Structure formats: structure tokens, C-alpha cells
Amino acid sequence: MKDKALVIDERRHFSRILFAASASIHQGENQWQTTILDLSLNGALVEEPVRFSHTGEPITLSFTLQGSDIELQMETELVHQRNHQLGLKCNIIDVDSISHLKRIVELNLGDASILNRELALFVEKHHSAD
């Protein structure tokens, strides 16, 4: 019998990096402040904001890199909501934001081959969705 954590790791295609940053999420007319807990090329895990109510609409995640005026933004979908956390899967991201996100992941992974594999997977998943 396989260890449950091992099975979860086998299903995960994108490395998650710990990344504590203030952020905002927008859904329709609603906006909440939150904190990013971790990031990957495919999305983010954030703290569930007080009074958050999911309407089924896409959620836009926005945050600014610390010590700069560089803002990253991605349109996401809620894939899980538990333990006061929201799992957000990236559906749409602009070229500038993915470039900065790629650099963040690259600096934290320290292994270009992992990043290149994940970037190819990201492109494949998002290209096939069109």
C-alpha cells in the first residue's frame, strides 16, 4: 500500500514554492484581501478571506512583488476550499506575469531542468484548452 503523501506527490505536476505575500482576489464585483501561501506555474494556495463567498465565476488573483511595482495577475478557478485556504488553478495569465512567475519559480527551485519540464507542461495544458 502506498503512502498517501506519496500518491499526492505523484499526481502533482508543478512544484509548489512557499511564497508569503499580500494579494487581492476579485470575483465579479467582490474584492477581498488575502495572503499567498504558495505558488506554482499552475496556480496558488491562498488564505481564505473573511466573508469569502464563491459564486462560480473566475477569480482574479493579483499581487505585487515585494520591493517593486511589478504586479502579477492571473485569472483562476477555485479547485478546492478547505482548512481556511483556497486552491486556485491558473487558467489565464498575461505574458509579463508568466515571465515574472517563471523567474520566481526558477530562483526558488534552483534546478533549470525542473523548471523547463514544468513550463513545457504548463504550455501544453493551456494550449490544449484553446
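About the cut-offs
- Residues numbered from 1 in each chain as written.
- Predicted model: local features only at pLDDT ≥ 70, side-chain atom pairs only at ≥ 80, totals over all residues.
- Heavy atoms only, no water.
- Pairing = 2+ DSSP bridges.
- Helix = DSSP H or I, 4+ residues; strand = E, 2+ residues; numbered from the N terminus.
- Axes fitted to C-alpha atoms, helices over the stretch in contact; angles between N-to-C directions.
- Phe/Tyr/Trp six-rings, centres within 6.5 Å; stacked < 30°, edge-to-face > 60°.
- Buried < 20%, exposed > 50% of the residue type's maximum accessible area, 1.4 Å probe, protein only.

Peer 1: Can you walk me through the sheet that holds strand 2 (residues 30–40) in this structure?
Peer 2: Across a sheet, strands are paired by hydrogen bonds formed along the backbone, either parallel or antiparallel in direction. Pairing within the closed barrel is antiparallel, and its six strands lie in the order 1-2-3-6-5-4. The average angle at which neighbouring strand axes cross in this sheet is 45°, direction not considered. Here strand 5 (residues 71–82) pairs with strand 6 (residues 85–93) via eight bridges, running antiparallel. Opposite Glu77, over in strand 6, you have Lys89 as the bridge partner.

Peer 1: Is there a simple way to think about the pairing of strand 4 (residues 59–64) in this case?
Peer 2: Side-chain direction in a regular strand flips from residue to residue, so the side chains alternate between the two faces of the sheet. Note: strand 1 (residues 17–27) against strand 4, three bridges, orientation antiparallel. Residue pairing in the sheet places Ile25 in a bridge with Leu61 of strand 4. In this sheet, strand 5 lies alongside strand 4 in antiparallel orientation, the contact comprising six bridges. Following the sheet pairing, Thr60 is matched in strand 5 by Glu75. In sequence, strand 4 turns back onto strand 5 through a hairpin of six residues, with Gly67 there showing a positive phi of about 75°.

Peer 1: Which parts of the structure should I look at to understand the packing of aromatic side chains?
Peer 2: A ring pair, where both rings are aromatic, is described by two values, the distance of the centres and the angle of the planes. Under the criterion given, the structure shown has two aromatic pairs. The interplanar angle of 65° and the centroid separation of 5.8 Å between the aromatic rings of Phe19 and Phe63 together place this pair among those described as edge-to-face. Separated by 44 residues along the polypeptide, Phe19 in strand 1 and Phe63 in strand 4 bring together distant segments of the chain. Phe19 gets classed as buried once you look at its relative accessible area, which sits at 18%.

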